[in-house]
Amino acid sequence: MDAMMQKRRAMEVDLRKALANGEFELYYQPIVNLKKDDLCGFEALLRWNHPEKGLIPPLEFIPLAEETELIVPIGEWVLRQACQEASTWPSDLSVAVNISAAQFKMRDLTQVVVSALANASLIPLRLELEITESVLLLNTDATLATLHKLRELGVRISMDDFGTGYSSLSYLRSFPFDKIKIDRSFVHDLATDEDSMAIIRAVTGLGTSLGMATTGEGVETQEELDYLKSEGCTEAQGYFFSRPKPVAEIHKMLDQRAVAAKAVA
Ligand code: C2E
Ligand code: CA
Ligand code: CA
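Residues numbered from 1 in each chain as written. Chains lettered and ligands numbered in written order. Predicted model: local features only at pLDDT ≥ 70, side-chain atom pairs only at ≥ 80, totals over all residues. Heavy atoms only, no water.

> Sorry, what's going on with the coordination of the calcium ion (ligand 2) here?
Four donors placed tetrahedrally around a metal ideally meet at 109.5 degrees, and six donors placed octahedrally ideally meet at 90 or 180 degrees. Coordination of the calcium ion (ligand 2) by the protein involves Glu43 (OE), Asn98 (OD1), Glu130 (OE) and Asp160 (OD), with metal-donor separations of 2.1 to 2.3 Å. Between the calcium ion (ligand 2) and the calcium ion (ligand 3), a spacing of 3.9 Å is present, and a bridge between the two is formed by Asp160. Pair noted here: Glu43 is in strand β2 (residues 38-50) and Asp160 is in strand β6 (residues 156-162), with a separation of 117 residues, a long-range link. For Asp160, a relative accessible area of 7% translates into the label buried. (Donors = N, O, S within 2.8 Å, 3.2 Å for Na, K, Ca; no water. Helix = DSSP H or I, 4+ residues; strand = E, 2+ residues; numbered from the N terminus. Buried < 20%, exposed > 50% of the residue type's maximum accessible area, 1.4 Å probe, protein only.)

> Help me understand the pattern of salt bridges, please; the structure alone is not making it clear to me.
Side-chain pairing between opposite charges can occur once the charged atoms of the two side chains come close. All chains considered together, the criterion is met by 17 salt bridges. Glu67 is the salt-bridge partner of Arg8, the closest N and O atoms lying 2.3 Å from each other. Taken together, the positions of Arg8 in helix α1 (residues 2-18) and Glu67 in helix α2 (residues 58-67) put the pair 59 residues apart, joining distant regions of the chain. Residue class for Glu67 comes out exposed when judged on its relative accessible area of 54%. Across the salt bridge formed by Glu76 and Arg80, the nearest N and O atoms sit 3.2 Å from each other. Separated by 4 residues within a single helix, Glu76 and Arg80 lie in helix α3 (residues 71-86), roughly one turn from each other. Residue classification places Glu76 among the buried positions, given a relative accessible area of 18%. For Arg80, a relative accessible area of 26% puts it in the partly exposed group. (Salt bridge = Lys/Arg side-chain N within 4 Å of Asp/Glu carboxyl O.)

> Mind showing me how you'd approach the site of ligand 1 here?
The environment of ligand 1 is made up of 21 residues, and the closest members are Arg47, Ser100, Arg184, Glu220 and Tyr239. A distance of 3.1 Å is found between a nitrogen atom of ligand 1 and a backbone nitrogen or oxygen belonging to Leu46. Within the contact set of ligand 1, an oxygen atom lies 3.1 Å away from a side-chain nitrogen or oxygen of Asn98. In the complex, the protein chains occlude 85% of the 800 Å² of accessible area that ligand 1 would expose alone. Among the secondary structure elements, those contributing two or more residues to the shell around ligand 1 are β2, α2 and β6. Per element, the largest residue contribution to the shell around ligand 1 is 4 residues, and it comes from β2. A per-class count over the shell around ligand 1 returns 9 nonpolar, 5 polar and 7 charged. (Near = heavy atom within 4 Å. Polar contact = N/O pair within 3.5 Å; in protein donor to acceptor, adjacent residues only side chain to side chain. Areas by Shrake-Rupley, 256 points an atom, 1.4 Å probe, with all protein chains shown as cover. Nonpolar A, V, L, I, M, F, W, Y, C, P; charged D, E, K, R; others polar.)

These values are about where atoms sit, not about what they do.
Right, dumping it as structure tokens:
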């Protein structure tokens, strides 16, 4: 217990310095539009290049960043960086940024978003904010007001990890999301579990009825992709297409895409 606390404290000390030391980096994972069979954007995923421990995945430090509220300045950095990066991409591509509940609690998120978009000269339509049920669990009028304000600006709001929380369905009713991201646990179980198939069918149907896009997360095989397509899922993301990659590799990918488009034209 003591050792664990010490490890945690050491990580907190390091985390406090990481932003100023420029140790964070964003990786980007492609998202594919299944109706057009084409890339439609990227999700920004945070990485920490620790000077001694090397690359630390987000699940190992984001919970601590959330508890200590360090996620507020870190999350602001992520937003600014992602908007800046997206402004260098072709204008049909959007960027999705994960936002923690703590970022809704602290200060006016809308202002930070407006400023990040303005600094990058990015139109709001190209920015998607991914939130999980934990944001709606805050259950405050202020949270909903912020979400509505952001949406009025033209920023799109996605419900992330759909199906993993306690009451995903009721949250769908509390806010007009633009997109539902079906958690990868359902996609992963597709081949072996008929219940997962039924759930995916129900969620894509729900998306269609509610006028929301649906993204299947964690697609790793052709079979999973085929099933999502056959059920009318509108987007997919996963290792089948690409792992999250650093910026330089994303630029290579976009250059190849431009060459391919020219060849077709
Ligand atoms: P998420 O938002 O659900 O992001 C998707 C995660 O699934 C990413 O993990 C991604 O690498 C992984 N993934 C994508 N395709 C596949 C696949 O085909 N198979 C498998 N097994 N995994 C796949 P990652 O990058 O480790 O991020 C984990 C979580 O950390 C994210 O889950 C998100 O909740 C959080 N996170 C990442 N970046 C940020 C950030 O900037 N801010 C906040 N607040 N949270 C972040
Ligand atoms: Ca996400
Ligand atoms: Ca997710």
